[in-house]
Amino acid sequence: MYDVVIIGGGAAGLFLAANLPTSNALLLEHRETAGKKLLITGGGMCNLTNTQSIEAFLQHFGSRAQRNFLLPSFQAFPPSALMQWFETRGVPLTVREDGKVFPASLDAHEVRDMLVRESKAKIQYNSKITSVIRDGDHFSVQTEGGVITSRNLVLATGGMSYPITGSDGSGYAIAKALGHSIIPPKPALAAIMVEAYHWTHLAGNAVRSAYAEFHHAGEKKRFLQATGDILFTHDGLSGPLILTSSRELKAGDSITFSLVPLEHKVHVPEQLLVLLTSQPKKQITTILKEFGLAASLAQQVVEELDFEATITPANLNKRQRQNLIRAITERRFIIKGIKGFNAAMVTSGGVCLKEVERGSMESKVMDHLHFCGEILDVDGQSGGYNLQAAFSTAYCTANHIQP
Ligand SMILES: Cc1cc2nc3c(=O)[nH]c(=O)nc-3n(C[C@H](O)[C@H](O)[C@H](O)COP(=O)(O)OP(=O)(O)OC[C@H]3O[C@@H](n4cnc5c(N)ncnc54)[C@H](O)[C@@H]3O)c2cc1C
């Protein structure tokens with residue numbers, strides 16, 4: 001009989017395994033390797049936390065209930081402790097200007113490999129679990145390879161976004177079978193597809209520090225405004241501004257944003273008009289580039305307006321000038337849909353927080369059952385918040401498990 005069986009070898013499960021108070025433990029991972037999702041975090045560079053204060057950090061989570069739930073975990077194991085934990089185990093870190101923390105190597109493999117090395121639990125890959133039951137004072141985990149028994153059980157099976165990484169939502173069924181309620185899972189931090197999108201060839205281009213407003217169909221009053229980077233994809237828009245806003249968007253809503261950075265936003269039309277009238281002989285694409293537009297976007301705007309490539313402000317009439325200014329300052333797209341679980345970075349919903357003891361992560365429904373990481377109804381914005389939540393909840397679980 002094991003002291004602890006952990007189901008799921010992602011960020012939370014691996015971190016828990018590395019901090020366990022016992023080595024009589026087994027981690028069951030149904031994929032052929034652990035931490036597949038960890039390897040693709042932060043574009044493969046692994047943005048593992050953020051240096052913000054705990055108060056500021058909490059503001060990046062979905063609801064007051066989530067913030068309240070996570071507070072003791074973050075207090076017990078804040079970003080500073082996480083950074084120290086990694087650095088003392090041979091993973092030097094680097095902090096970006098915006099507070100995002102990465103391994104100095106900018107390689108998520110270094111994080112994953114170190115966690116696997118530090119595991120106090122034996123890791124069993126390709127473990128297909130068919131059922132889990134409570135059997136008196138212990139749990140019986142039925143796998144295709146036989147029954148495994150344990151005094152404590154931890155579910156760290158993640159959410160159901162990017163199922164290709166192994167987080168396929170199968171952990172919810174186990175939690176349910178053990179008596180827990182599941183808040184219906186929805187994709188969060190997802191890119192959007194837009195109607196009549198002709199910008200596929202611009203995929204990879206971004207507008208830095210964009211300002212955007214969102215409207216419901218037929219309504220004049222915006223329901224959301226946001227600032228941040230917007231990335232053009234092959235079928236729509238992504239980037240931090242879009243990902244963070246996505247939970248509030250639906251098909252039919254519109255987004256309007258300016259193709260130049262926020263600092264230009266307030267007086268953009270006047271500033272652009274001044275530039276155009278003061279340089280009548282300069283090519284418009286050159287003026288737009290000087291105004292902060294990426295070369296490819298400047299080209300696109302000029303083409304869309306059916307202007308000659310070499311056109312100068314002197315060739316424009318008043319209406320054409322207004323159209324040009326509008327094309328730069330009020331880019332409007334109708335949202336066709338929000339990307340699903342295959343492309344969403346996190347899952348909102350999961351094991352109901354009311355049924356889990358905050359701080360210890362132990363189930364209120366069944367003793368010796370714990371949850372950590374994204375299987376819980378916890379979802380943060382992009383910026384290192386989700387991994388810190390996985391690590392902090394795993395740390396608290398490790399501290400409260402009694403072998
Ligand atoms: C593309 C992408 C980029 C991201 N970038 C960042 C970032 O830079 N910073 C950040 O903070 N967050 C990021 N996230 C979110 C972050 O990766 C997750 O919040 C985090 O990995 C959750 O950790 P977890 O251990 O709870 O779940 P996961 O990492 O999803 O791990 C769950 C593990 O459980 C296993 N499993 C599932 N079901 C079973 C089962 N029935 N039996 C056995 N094993 C099972 C899975 O195979 C998987 O290995 C990103 C997510 C994506 C998709």
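Below, the structure is looked at part by part.

Conventions we followed
Residues numbered from 1 in each chain as written. Predicted model: local features only at pLDDT ≥ 70, side-chain atom pairs only at ≥ 80, totals over all residues. Heavy atoms only, no water. Near = heavy atom within 4 Å. Polar contact = N/O pair within 3.5 Å; in protein donor to acceptor, adjacent residues only side chain to side chain. Areas by Shrake-Rupley, 256 points an atom, 1.4 Å probe, with all protein chains shown as cover. Helix = DSSP H or I, 4+ residues; strand = E, 2+ residues; numbered from the N terminus. Nonpolar A, V, L, I, M, F, W, Y, C, P; charged D, E, K, R; others polar. Core = buried A, V, L, I, M, F, W, Y, C linked by side-chain atoms within 4.5 Å. Buried < 20%, exposed > 50% of the residue type's maximum accessible area, 1.4 Å probe, protein only. Lys, Arg positive; Asp, Glu negative; His and termini not counted. Salt bridge = Lys/Arg side-chain N within 4 Å of Asp/Glu carboxyl O. Contact = heavy atoms within 4.5 Å.

**Description of the site of the ligand**
So, point 1. Among the 34 residues in the neighbourhood of the ligand, the closest are listed as A12, E29, S167, E374 and L387.
So, point 2. A distance of 3.2 Å is found between a nitrogen atom of the ligand and a backbone nitrogen or oxygen belonging to H30.
So, point 3. Separating an oxygen atom of the ligand from a backbone N or O atom of G42 is a distance of 2.8 Å.
So, point 4. In isolation the ligand offers 1,000 Å² of accessible surface; the protein chains occlude 95% of this area.
So, point 5. Those elements that place two or more of their residues in the shell around the ligand are α1 (11-19), α2 (36-40) and α13 (385-400).
So, point 6. Looking at the shell around the ligand, the element that brings in the most residues is α13, giving 4 residues.
So, point 7. When grouped by side-chain class, the residues that make up the shell around the ligand number 13 nonpolar, 16 polar and 5 charged.

**Side note on the nonpolar core**
For soluble globular proteins, the rule of thumb is that nonpolar side chains tend to be buried together.
So, point 1. In this structure, F232, L237, I255, F257, L288 and L293 are the most contacted members of the largest nonpolar core, which totals 42 residues.
So, point 2. Of all hydrophobic cores here, the second largest spans 40 residues; its members include L27, F86, L115 and I401.

**Here we look at the side chain of K100**
So, point 1. For K100, the position within the fold is in strand β5 (residues 100-103).
So, point 2. We note that K100 is buried and unpaired, the nearest opposite charge coming from D98 at a distance of 4.3 Å.
So, point 3. Filtering out sequence-adjacent residues up to four positions away, K100 remains in contact with N47, T49, N50, T94, V95 and G383.

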